[in-house]
There are 2 protein chains.
Amino acid sequence: MTMVRQTKQRAAVIEVLQASRAHPDAAQVHAQVREKLPSVSLGTVYRALDALVRDGMVTPIERVGQATRYDYRREGDDHHHAVCRTCGAIFDVPVSSVPPIPHAHLPAGFQVTDVRLEFMGVCPSCARN
Amino acid sequence: MTMVRQTKQRAAVIEVLQASRAHPDAAQVHAQVREKLPSVSLGTVYRALDALVRDGMVTPIERVGQATRYDYRREGDDHHHAVCRTCGAIFDVPVSSVPPIPHAHLPAGFQVTDVRLEFMGVCPSCARN
DNA sequence: ATATGTGCAAAACTTTTGCAATCTG
DNA sequence: CAGATTGCAAAAGTTTTGCACATAT
């Protein structure tokens with residue numbers, strides 16, 4: 001059995017993610033973590049994030065040519081995203097505001113683990129400029 | 001006014017995308033383009049793909065730590081995707097098989113240009129192994 | 001003509017990894 | 001202790017860019 005250990009580095013990564021609603025990327029998490037634990041390396045942050053994604057505690061949000069951003073999944077706060085193509089801002093959209101999406105017409109035998117819904121567009125602030 | 005020119009390189013990129021249902025990445029498009037036009041560079045392929053994405057003729061599909069893949073949007077073949085986390089295969093899911101998704105509860109003034117829906121999971125072939 | 005597009009190669013980034021040293025359970 | 005984890009630095013991989021030359025309009 002693989003054993004997962006609790007380390008201060010991982011605790012710090014989780015703490016940073018929990019404290020932020022900005023969907024930070026790995027470098028931003030790293031910077032924040034370093035404020036508490038200056039010696040933590042970026043590699044360690046990546047390894048911690050990978051583990052959290054694997055555990056389902058965090059969801060990655062990808063965009064072309066940009067660093068992956070990480071979304072902490074809070075209990076009872078399941079949500080989708082609205083992504084601004086201009087400034088990159090990511091807004092949460094509660095799942096409760098979208099009708100349930102049936103898994104119909106998928107390839108036979110395809111096992112869904114996660115449904116990602118993203119509204120791509122232009123945020124109010126960017127639309128104004 | 002900026003003028004967009006038609007070149008054989010871009011025509012070849014479009015041709016490759018139209019001919020494929022495999023959602024190729026930039027390197028794969030490049031390889032295919034080179035079969036016809038051996039001198040085309042990878043940089044040119046990236047520039048062509050960027051332009052097509054900007055025009056809305058192609059949709060990028062991102063995955064953590066993997067190359068962006070490109071989806072040619074055929075007239076009357078609007079679709080979402082089912083992505084296998086294990087082998088990376090991407091399956092098309094017709095939009096007609098999913099109920100319309102209301103743009104409710106988005107940030108006030110957010111202008112939606114595109115709705116992306118991805119079913120993440122394990123494909124039948126990978127589930128078997 | 002002239003501004004856009006191309007090829008090449010180098011640079012910029014993001015993410016992953018090998019390894020010796022350190023920790024956790 | 002044994003094995004998981006870390007820091008460091010190098011490597012791998014993807015995407016972007018500067019520049020001189022070619023080309024579409």
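What you are looking at is a predicted structure, and each value in this text was computed from that prediction instead of being measured.

## With respect to the interface of chain A and chain B
And step 1. On the side of chain B, 41 residues touch chain A, which itself brings 41 residues to the contact.
And step 2. For the pair chain A and chain B, the summed buried surface comes to about 3,300 Å²; carbon and sulfur atoms form 66% of the total.
And step 3. Seen at the junction of chain A and chain B, the total is 2 salt bridges.
And step 4. Residue Arg85(B) is joined to Asp114(A) by a salt bridge in which the shortest nitrogen-to-oxygen separation is 3.6 Å.
And step 5. For the side of chain A that touches chain B, the secondary structure elements donating two or more residues are strand E1 (58-63), strand E3 (79-84), strand E4 (90-94), strand E5 (111-122) and helix H4 (124-128) of chain A.
And step 6. In terms of residue count, the dominant contributor to the side of chain A that touches chain B is E5(A) (12 residues).
And step 7. The class makeup of the residues in the side of chain A that touches chain B is 27 nonpolar, 8 polar and 6 charged.
And step 8. Sheet analysis places E5(A) next to strand E5 (residues 111-122) of chain B, joined by 11 bridges and oriented antiparallel. Within the sheet, the bridge partner assigned to Gln111(A) lies in E5(B) and is Val122(B).

## A short note on the domain arrangement of chain A
Note: interface size is frequently given as the accessible area lost on complex formation between the parts.
Residue and element names in this part refer to chain A.
And step 1. Here chain A is described as being made up of domain 1 (8-72) and domain 2 (79-128).
And step 2. Between the C-alpha centres of domain 1 and domain 2 the distance comes to 21 Å.
And step 3. The partner domain 2 presents 11 residues to the 10 residues of domain 1 that form the contact.
And step 4. Together domain 1 and domain 2 conceal approximately 840 Å² of surface at their shared face, both sides included; 46% is due to carbon and sulfur atoms.
And step 5. Of all residues in domain 1, His23, Ile61 and Arg63 bury the most surface against domain 2, accounting for 54% of the area lost on that side.
And step 6. The interface formed by domain 1 and domain 2 contains 1 salt bridge.
And step 7. A salt bridge links Glu62 to Arg116, with the nearest nitrogen and oxygen atoms 3.2 Å apart.
And step 8. On the surface where domain 1 and domain 2 come into contact, there are 5 residue pairs in polar contact (both at pLDDT 80 or more).
And step 9. Every element with two or more residues in the side of domain 1 that touches domain 2 is listed here: E1 and strand E2 (66-72).
And step 10. Counting residues per element, the side of domain 1 that touches domain 2 draws most heavily on E1, which supplies 5 residues.
And step 11. Its residues assigned to classes, the side of domain 1 that touches domain 2 comprises 3 nonpolar, 2 polar and 5 charged.

## Describing the protein's contact with DNA strand C
And step 1. DNA strand C sits among 20 residues. The nearest are Tyr46(A), Thr68(A), Arg5(B), Thr7(B) and Arg10(B).
And step 2. The contact atoms of DNA strand C, taken as those within 4 Å of the protein, divide so that sugar and phosphate hold 69%.
And step 3. Contact distances for DNA strand C include 3.3 Å between a phosphate oxygen and a backbone N or O atom of Gln6(A).
And step 4. Elements with a contribution of two residues or more to the surface near DNA strand C: helix H3 (42-55) and E2 of chain A together with helix H1 (8-19) and helix H3 (42-55) of chain B.
And step 5. The biggest single contributor to the surface near DNA strand C is H3(A), with 4 residues.
And step 6. For the surface near DNA strand C, the class distribution of residues is 7 nonpolar, 7 polar and 6 charged.

## Notes on the UniProt feature "binding site: Zn(2+)" (unreviewed entry) in chain A
And step 1. Following the UniProt record, the feature "binding site: Zn(2+)" (unreviewed entry) maps to Cys84(A), Cys87(A), Cys123(A) and Cys126(A) here. These annotated residues cover 43 residues of sequence, but their C-alpha atoms sit close together, with the largest distance between any two at 8.2 Å.
And step 2. Tracing the backbone shows Cys84(A) in strand E3.
And step 3. If near-sequence neighbours (up to four positions away) are discounted, Cys84(A) is found in contact with Arg63(A), Ala89(A), Gly121(A), Val122(A), Cys123(A), Cys126(A) and Phe110(B).
And step 4. If near-sequence neighbours (up to four positions away) are discounted, Cys123(A) is found in contact with Cys84(A), Cys87(A), Phe91(A), Gly109(B) and Phe110(B).

## Points about the nonpolar core
And step 1. Ile101(A), Leu117(A), Phe119(A), Ile101(B), Leu117(B) and Phe119(B) are the most contacted members of the largest nonpolar core, which has 23 residues in total.
And step 2. Put simply, the parts of the chain that give this core at least two residues each are E3 and E5 of chain A together with strand E3 (79-84) and E5 of chain B.
And step 3. Among the elements that make up this core, the one with the highest residue count is E5(A) (3 residues).

How each quantity is defined
Residues numbered from 1 in each chain as written. Chains lettered and ligands numbered in written order. Predicted model: local features only at pLDDT ≥ 70, side-chain atom pairs only at ≥ 80, totals over all residues. Heavy atoms only, no water. Contact = heavy atoms within 4.5 Å. Buried area = accessible area lost by both parts, 1.4 Å probe. Salt bridge = Lys/Arg side-chain N within 4 Å of Asp/Glu carboxyl O. Helix = DSSP H or I, 4+ residues; strand = E, 2+ residues; numbered from the N terminus. Nonpolar A, V, L, I, M, F, W, Y, C, P; charged D, E, K, R; others polar. Pairing = 2+ DSSP bridges. Domains from an automatic or database assignment. Polar contact = N/O pair within 3.5 Å; in protein donor to acceptor, adjacent residues only side chain to side chain. Near = heavy atom within 4 Å. UniProt positions renumbered as here; feature names shortened; annotations may be inferred. Core = buried A, V, L, I, M, F, W, Y, C linked by side-chain atoms within 4.5 Å. Buried < 20%, exposed > 50% of the residue type's maximum accessible area, 1.4 Å probe, protein only.

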